[in-house]
Amino acid sequence: MTRPLTFAIPKGRILDEALPLLARAGIEPEAEFHDKRSRALRFATNRPDVSIIRVRAFDVATFVAHGAAQIGIVGSDVVEEFDYSELYAPVDLDIGHCRLSVAEPAGLAGEDEAAMSHVRVATKYPHLTRRYYEAMGLQAECVKLNGAMELAPSLGLSRRIVDLVSSGATLKANGLVETHVIMQVSARLIVNRAAFKMRSADLAPMVEAFRKAVGVKDAA
Ligand code: PRP
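None of these values were measured; they are calculated from a predicted model. For every chain, the first residue of the written sequence is number 1, and numbering continues from 1 along that sequence. The predicted origin of the model limits local features to residues at a pLDDT of at least 70 and limits the giving and counting of side-chain atom pairs to 80 or more, whereas totals for whole chains, interfaces and linings rest on all residues. For side-chain calculations, the full set of non-hydrogen atoms in the structure is used, while hydrogens and water are omitted.

## Description of the domain arrangement of the chain
Looking at the chain, the domain boundaries give domain 1 (5-96 + 186-219) and domain 2 (98-184). As annotated, the domain borders come from an automatic or database domain assignment. Each of domain 1 and domain 2 has a C-alpha centre, and these two points are 29 Å apart. Of the roughly 840 Å² buried between domain 1 and domain 2, counting both surfaces, carbon and sulfur atoms make up 50%. Of all residues in domain 1, the largest losses of buried area upon contact with domain 2 belong to Asp77, Glu80 and Glu81, amounting jointly to 58% of the total for that side. Criterion for a salt bridge: a side-chain nitrogen of Lys or Arg within 4 Å of a carboxyl oxygen of Asp or Glu. Linking domain 1 to domain 2 there are one salt bridge. Buried area, as used here, totals the accessible surface that two parts lose on assembly, with accessibility defined by a 1.4 Å probe and the loss added over both.

## Examining the sheet that holds strand β3 (residues 50-55)
Spatial ordering of the open sheet is given by β2-β3-β1-β4-β11-β5, a layout of six strands whose pairing is mixed. Each of the sheet's edge strands pairs with one partner strand only, and the pair in question is β2 (42-44) and β5 (87-92). Mean inter-strand twist for the sheet, computed between neighbouring axes without regard to direction, equals 30°. Paired strands, as defined in this entry, are two strands with at least two bridges between them according to DSSP. Only DSSP runs of H or I with at least four residues qualify as helices, and only runs of E with at least two residues qualify as strands; both kinds are numbered from the N terminus onward. Where strand β4 (residues 71-75) and strand β11 (residues 187-192) come together, five bridges link them in antiparallel fashion. Pairing of Gly72 across the sheet is with Ile190, part of β11. All axes here are fitted lines through C-alpha atoms, helices being fitted over the stretch that makes contact, and every angle between N-to-C directions spans 0 to 180 degrees.

## Concerning the sheet that holds strand β7 (residues 118-123)
Read across the sheet, five strands follow the order β8-β7-β9-β6-β10 without closing on themselves; strand pairing throughout is mixed. With partners counted over all chains shown, the strands left at the sheet margins are β8 (139-144) and β10 (176-185), one partner each. The average angle at which neighbouring strand axes cross in this sheet is 30°, direction not considered. When β7 meets strand β9 (residues 160-165), the two strands line up parallel, connected through three bridges. Counted as the bridge partner of Thr123 is Val162 from β9. Relative to the sheet, helix α4 (residues 126-135) contacts β6 (98-105), β7, β8, β9 and β10, its axis offset from that of β8 by approximately 165°. We call two residues in contact whenever any of their non-hydrogen atoms come within 4.5 Å of each other.

## Here we look at the nonpolar core
Note on terminology: a nonpolar core comprises buried Ala, Val, Leu, Ile, Met, Phe, Trp, Tyr and Cys residues joined through side-chain atoms within 4.5 Å. Each residue is placed in one exposure class: buried if its accessible area under a 1.4 Å probe, protein chains only, is under 20% of its type's maximum, exposed if it is over 50%, and partly exposed if it falls in between. Grouped together as the largest cluster of nonpolar side chains are 30 residues, with contacts concentrated most on Phe7, Ile73, Leu93, Leu189 and Phe210. Secondary-structure elements contributing two or more residues to this core are β1 (5-10), α1 (13-24), β3, β4, β11 and α7 (200-215). Contacts of Leu189, omitting those with residues within four sequence positions, involve Phe7, Ile71, Gly72, Ile73, Tyr88, Ala89, Pro90, Val91, Leu93, Val207 and Phe210. Ranked by size, the runner-up nonpolar core spans 28 residues in total, among them Ala8, Phe58, Val119 and Leu138.

## Here's the deal with the site of the ligand
Every residue near the ligand is listed here: Arg13, Lys124, Glu150, Asp163, Leu164, Val165, Ser166, Ser167, Gly168, Ala169 and Thr170. In protein, a polar contact means a hydrogen-donor-capable atom and an acceptor-capable atom, both N or O and within 3.5 Å, with residues adjacent in sequence counting only if both atoms are side-chain atoms; elsewhere, any N or O pair within 3.5 Å suffices. Within the backbone of Ala169, an N or O atom sits 3.5 Å from an oxygen atom of the ligand. Where accessible areas are quoted, they stem from the Shrake-Rupley method and a 1.4 Å probe; at the residue level, only the protein chains shown are allowed to cover. In isolation the ligand offers 500 Å² of accessible surface; the protein chains occlude 69% of this area. A cavity here means a set of points on a 1 Å grid, drawn over the protein atoms and nothing else, where a 1.4 Å probe fits but cannot get out; a pocket is an open set with protein on both sides within 12 Å along at least five of seven lines, and a residue lines either one if it has an atom within 4 Å of a point. Molecule-in-pocket calls rest on the fraction of atoms, with more than half required to lie within 2 Å of the cavity or pocket grid points. Comparing atom positions with the cavity grids shows the ligand to sit within the largest pocket. Breaking the shell around the ligand down by element, the ones donating at least two residues are β9 and α5 (169-173). Ranked by the residues each element gives to the shell around the ligand, the list is headed by β9, at three residues. When grouped by side-chain class, the residues that make up the shell around the ligand number three nonpolar, four polar and four charged. For each residue, the test is whether any non-hydrogen atom lies within 4 Å of the molecule or strand; if one does, the residue is near. Just so you know the grouping, Ala, Val, Leu, Ile, Met, Phe, Trp, Tyr, Cys and Pro go in nonpolar, Asp, Glu, Lys and Arg go in charged, and all remaining residues, Gly too, go in polar.

Shown next as structure tokens:
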């Protein structure tokens, strides 16, 4: 018998939107998955051939790129930040909509970047941040943080941040304003390319099930 498929899904905001989509694609995690007190990280599903791991969004991409998980759900921000050649992202799941933006303290926003040669930015996205500023002819010095980027300007770590913005409430609560949108983000189904070839009998129907699940969202 072939090994079960491992499906990686992210903790955090996408999860609530991802679960109904998974269910429509025929995959439902065991009851323990919904128990907030559980410390388990790997879960059985209604399908004996599929198990689920719940990890941080950036780690979803790493598990799938290395083939430790064969399939997963993650934001297009993460797919673009890593740019792993081993990842195939066949379906835009139309959930987890937000944007990756530059933000600055409200009182300081608007300085002419054309007059500068270098910017310092606190971010979880150094690759996308450098790429964005390079296209403007600016060198970005990135201070890598894993969360709470919004604290960086008030504490003097960097004037600018690059982070995800959804409602804008976090920026507002921290006295920041969005000055540029780098990219629009939505969640993607990602598949390990080698696994997609070797186990196409399992993975191709699953990809198809997600395509259909996205299409029938409003009718469910
Ligand atoms: C994200 C992001 C912002 C916030 C933006 O963090 O990093 O901090 O959401 O959302 P808003 O515009 O609706 O306020 P999240 O809460 O997902 O946690 P994280 O810091 O662990 O990424």
